[in-house]
Amino acid sequence: MKFIQFRPEGIYCVPGDFYIDPWRPVKKALITHGHADHARYGMGAYLCHHFSVPILQSRLGATIQVQGIGYGEKININGVEVSFHPAGHIIGSAQIRMAYKGRICVVSGDYKLQDDGLSTPFEVVKCHEFVTESTFGLPIYHWASVNQQKAELQQWVNLNQSNQKTTVFIGYSLGKAQRIMQAVDGLAPLYVHYSIHKLNQAFQQVGIKLPAYQVIDFNADLKPLQDGIVILPPALVDTNLIRKIPNKAYAICSGWMAVRGARRWRSADAGFAISDHADWSDLLTAIQATEAEKVYVTHGQTAVFAKYLNEIGIPAEEVKTEFGVEDEALEDKNALPPETPEASTVASVNQEDPL
Ligand SMILES: [Zn+2]
Ligand SMILES: [Zn+2]
């Protein structure tokens, strides 16, 4: 019997009769984390880590039927022993471990090995079958250390301050925005978009401490933002709202900033390759550490990455899923990576780029 199947509804645990991160409505859904491509509307019941409960309620509505579980806590679902383990991706993100008749399968959702200081750090879970993402599964993707990333953000704020510019960071509202807040806390007053504020509230509900900030009122005079630090979601790039902010310099924070070329990025003043996903070498490190004998690759650079795993002796298979449409994708198809990515340094300042 197959342990897991990739069905039109989502990833299905056969003996347990439940789905993980399904994209179509099902009765029972186990959720790895709160990003919209993994936690969708319409499930009969949701099970996720305690920290993800208020995130799911905030995004999907307070009336969903949702139950929380702690990391490492074991529950039995139709004879399958199920436990959630830290994935290090965002706060509350989990790899889901399933054990049945001596066989172990882990569905990792999205993950990263870097400790961002907010998410519970990634834990290696040994298994027979490992389901992995491969968002940044190409050797050109390599992240600087968290400390270096933080230093670069701070330097850029300082540069803008010396030029009397208001710093604007663009980062995904769930995960990235909170990391940016933490990295630049104390340099200047923080202002965030309402969508980020809503998720901050969900984090504060479970006891996560975040820096003090104010919510931007775009209907009010925006002059008080001068010399401050503004954090906005990617959906606001090239909109009238961002244009209303006077005298700004704005930077996009995304793993995609490791490559140049997409049209919209060029309108930004700077880019920082900061990601909540594992880079190429961390993907390989994580997969090798699981000692899995079979790997399924769900989203991202699936074909290339699965092929590479097979070449280095790890049996792997590309599977079709509906993940990866929102998180890190800058929420716009125009912002997808260029056809022929060209590696660049971590921070690329636009004015210095003749292209
Ligand atoms: Zn995600
Ligand atoms: Zn994802």
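Rules used throughout
Residues numbered from 1 in each chain as written. Chains lettered and ligands numbered in written order. Predicted model: local features only at pLDDT ≥ 70, side-chain atom pairs only at ≥ 80, totals over all residues. Heavy atoms only, no water. Pairing = 2+ DSSP bridges. Helix = DSSP H or I, 4+ residues; strand = E, 2+ residues; numbered from the N terminus. Contact = heavy atoms within 4.5 Å. Axes fitted to C-alpha atoms, helices over the stretch in contact; angles between N-to-C directions. Phe/Tyr/Trp six-rings, centres within 6.5 Å; stacked < 30°, edge-to-face > 60°. Buried < 20%, exposed > 50% of the residue type's maximum accessible area, 1.4 Å probe, protein only. Lys NZ or Arg CZ within 6 Å of the ring centre and 35° of its normal.

## Some thoughts on the sheet that holds strand S12 (residues 166-170)
No. 1: Reading across from one edge, S14-S13-S15-S12-S16-S18 is the order of the six strands in this open sheet, with parallel pairing throughout. The open sheet terminates on both sides in strands that have one partner only, identified here as strand S14 (214-215) and strand S18 (270-272).
No. 2: Bridging between strand S16 (residues 248-253) and S18 involves three bridges; their strand directions are parallel. Across the sheet, the residue bridging to Ile252 is Gly271, located in S18.
No. 3: Taken strand by strand, helix H2 (residues 146-162) contacts S12, strand S15 (229-232), S16 and S18, and its axis lies near 145° from that of S12.
No. 4: The strands that helix H3 (residues 176-184) touches are S12, strand S13 (190-192), S15 and S16; relative to S15, the one it contacts most, it runs at about 170°.

## Notes on the packing of aromatic side chains
In this description, a pair of aromatic rings is defined by centroid distance and the angle of the planes.
No. 1: The full count for this structure, using the stated rule, is 15 aromatic pairs.
No. 2: Seen in terms of ring centroids, Phe6 and Tyr296 are 5.1 Å apart; in terms of plane orientation they differ by 50°. Their pairing is tilted. Within this pair, whereas Phe6 is found in strand S1 (residues 4-7), its partner Tyr296 is found in strand S19 (residues 294-300), the two being separated by 290 residues in sequence.
No. 3: Given a relative accessible area of 25%, Phe6 falls into the partly exposed group.
No. 4: Both rings, one in Tyr141 and one in Trp143, keep their centres 6.1 Å apart while their planes meet at 55°; by these two values the pair is tilted. The exposure classification of Tyr141 matches that of Trp143, with both residues buried.
No. 5: One Lys or Arg, Arg7, reaches over the ring of Tyr12 and ends 3.7 Å from the middle of that ring.

## What about unusual backbone geometry?
No. 1: In this model, Asp21 sits at a positive phi of 50°, which is unusual for a non-glycine residue.
No. 2: Under the relative-accessibility criterion, Asp21 is labelled buried at 1%.
No. 3: One non-glycine residue with positive phi stands out, namely Lys101, at about 50°.
No. 4: When you line up the elements, Lys101 lands in the loop between strand S9 (94-100) and strand S10 (103-107).
No. 5: Look at Lys101 and you get exposed, because its relative accessible area is 73%.

## Focus: the sheet that holds strand S5 (residues 45-49)
No. 1: In spatial order, the strands read S1-S2-S3-S4-S5-S6; together these six strands make up an open sheet with mixed pairing. Each edge of the sheet is formed by a strand with only one pairing partner; in this case those strands are S1 and strand S6 (66-69). With strand direction ignored, the average angle separating the axes of adjacent strands in the sheet is 30°.
No. 2: Both S5 and S6 contribute to a ladder of four bridges, which runs parallel. Bridged to His49 within S6 is Ile69.

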